[in-house]
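Single-letter residue listing:
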Amino acid sequence: MLKTIAKLIIFILLTVITQIGGVLYLVSSVLIGSSAKWKFIKRTAVFIGLYLITTFYIVPVIAPYWGREKIVETEFLEAHSWCYTLANRSYVKPQLNRSLKEVSEAFGTKNPGIKLVYLDANFPFIDGFPLLPHLSHNDGKKIDIALIYKDGQSELTNKKPSRSGYGVYENPKNGEFNQTVVCKKQEYWQYDFPKYLSMGTTNDDISFSEEGTKQLIGIILKQKKVERLFIEPHLKSRLILKSDKLKFHGCKAVRHDDHIHFETK
């Protein structure tokens, strides 16, 4: 019974994190029977092999049949961490892929050497399949991107303050509206939960670039196919952002002063 429960937990975790990992875990268990010698080592090796082959060679080929494609990385666009691509969390609808390309090229051209850095996008298959811990990354139309930062010489940098890209906030300054306090008073305890998902802080020598982030958001909002963009209310006010596409994500979501979320129609 304990072994069955443990296998169920592993299956669920692999499915939640990668979408395909749970199924491949079951396949590896079937291929290496329970009577096999060194079965744990063999099953682990088979699973890793199956997972890497499926992730890098099979999924990108069949995902378009579900209307999604792998994000095309360029000299202007890259994932914050290899973990996002390894976990199959880097798939989007073709329109969003085109928008990412256009936005990253426009921003990179204005700021040579500075890239658009993306975080969680969507899984490759099945509309409605949740990409936890997100509430809405389930249709190929949503993506999170990192804020823009500057170094000690006030030059824009590709460095980010957390290893995951999430969880290090650009907090409200004195006198700015604090949405987090409001939401937590309403008992939305999860509102600042990503602070536990940073995977550790890094690059203490960088700071938030208001100018760079505002410029990036402006480029995104000019995209005709972009429908909505989420950013924390105090940053919207501080950066003097005005657009009907700027929306408040609601207290049921999480705070957006560690990243930008935008989505296409």
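Structure shown above.
Residues numbered from 1 in each chain as written. Predicted model: local features only at pLDDT ≥ 70, side-chain atom pairs only at ≥ 80, totals over all residues. Heavy atoms only, no water.

K.L.:
In this structure, what is going on with the overall build of the chain? I would like to understand it.
P.N.:
Across its full length, the chain carries eight helices and 11 strands. A compact globule built from 265 residues would reach a C-alpha radius of gyration of about 18 Å, and the chain, at 20 Å, matches this within 12%. Projecting the C-alpha coordinates of the chain onto the three principal axes gives extents of approximately 65 × 40 × 35 Å. In the chain, which comprises 265 residues, the proportion classed as buried is 46%. Contacts spanning at least 24 positions in sequence make up 73% of the contacts within the chain whose residues lie at least 6 apart. About 14,100 Å² of surface is accessible on the chain, with carbon and sulfur atoms providing 62% of the total. Of the side chains in the chain, 37 bear a positive and 26 a negative charge, and the two mean positions are spaced by 7 Å. (Helix = DSSP H or I, 4+ residues; strand = E, 2+ residues; numbered from the N terminus. Rg over C-alpha atoms; globule rule 2.2 N^0.38 Å. Buried < 20%, exposed > 50% of the residue type's maximum accessible area, 1.4 Å probe, protein only. Contact = heavy atoms within 4.5 Å. Areas by Shrake-Rupley, 256 points an atom, 1.4 Å probe, with all protein chains shown as cover. Lys, Arg positive; Asp, Glu negative; His and termini not counted. Charge placed at Lys NZ, Arg CZ, Asp CG, Glu CD.)

K.L.:
Help me understand the nonpolar core, please; the structure alone is not making it clear to me.
P.N.:
As a rule of thumb, soluble globular proteins bury nonpolar side chains together. Counting 33 residues, the largest nonpolar core has Leu 216, Leu 229 and Phe 262 as its most contacted members. Among the elements of the structure, β2 (77-79), α5 (94-110), β4 (116-118), β5 (142-146), α7 (210-221), β9 (226-230) and β11 (259-264) are those that each provide at least two residues to this core. Here this core gets five residues from one element, more than from any other, and that element is α7. Residues contacting Phe 262, with those up to four places away along its chain left out, are Leu 96, Leu 100, Lys 141, Lys 142, Ile 143, Ile 145, Ile 220, Val 226, Arg 228 and Leu 229. (Core = buried A, V, L, I, M, F, W, Y, C linked by side-chain atoms within 4.5 Å.)

K.L.:
Before we go on, may I ask you to explain the state of the cysteines in this structure?
P.N.:
Here a disulfide denotes a covalent bond joining the sulfur atom of one cysteine to the sulfur atom of another. Counted according to the given criterion, the structure contains one disulfide. The side chain of Cys 183 participates in a disulfide bridge whose partner is Cys 251; the two sulfur atoms lie 2.0 Å from each other. With the S-S bond torsion at -75 degrees, the cross-link from Cys 183 to Cys 251 turns out left-handed. Here Cys 251 lies in the loop between β10 (246-247) and β11 and Cys 183 lies in helix α6 (residues 179-185), a separation of 68 residues in the sequence. Accessibility expressed as a relative area gives 0% for Cys 183, which makes it buried. Classification of Cys 251 by relative accessible area gives buried; the value is 11%. (Disulfide = S-S within 2.5 Å.)

K.L.:
Would you mind showing me how to read the pattern of salt bridges here?
P.N.:
Close approach of charged atoms lets side chains of opposite charge pair. With the rule as written, the count across this model stands at 15 salt bridges. Between Arg 238 and Glu 210 there is a salt bridge whose closest N-O contact spans 3.8 Å. Here the residue Arg 238 occupies a position in helix α8 (residues 233-238), and Glu 210 occupies one in helix α7, the gap between them amounting to 28 residues. On the basis of relative accessibility, which here comes to 13%, the residue Arg 238 falls in the buried class. We classify Glu 210 as partly exposed; its relative accessible area is 30%. (Salt bridge = Lys/Arg side-chain N within 4 Å of Asp/Glu carboxyl O.)

K.L.:
Which parts of the structure should I look at to understand the pairing of β11?
P.N.:
Across a regular strand the side chains alternate sides, sitting on one face of the sheet and then on the other. The element β11 is largely enclosed, with a buried count of six among its six residues. The alternating pattern of β11 places His 259, His 261 and Glu 263 on one face and Ile 260, Phe 262 and Thr 264 on the opposite face, and all of these are buried. Bridging between β5 and β11 involves five bridges; their strand directions are antiparallel. Across the sheet, the residue bridging to Ala 146 is His 259, located in β11. When β9 meets β11, the two strands line up antiparallel, connected through four bridges. (Pairing = 2+ DSSP bridges.)

K.L.:
Before we go on, may I ask you to explain the sheet that holds strand β7 (residues 156-157) in this structure?
P.N.:
Across a sheet, strands are paired by hydrogen bonds formed along the backbone, either parallel or antiparallel in direction. The sheet built from three strands is open, its strands ordered β7-β6-β8 with antiparallel pairing. The outermost strands of the open sheet, each flanked by one partner alone, are β7 and β8 (207-208). Here strand β6 (residues 149-150) pairs with β8 via two bridges, running antiparallel. Note on β8: the bridge partner recorded for Lys 150 is Ser 207.

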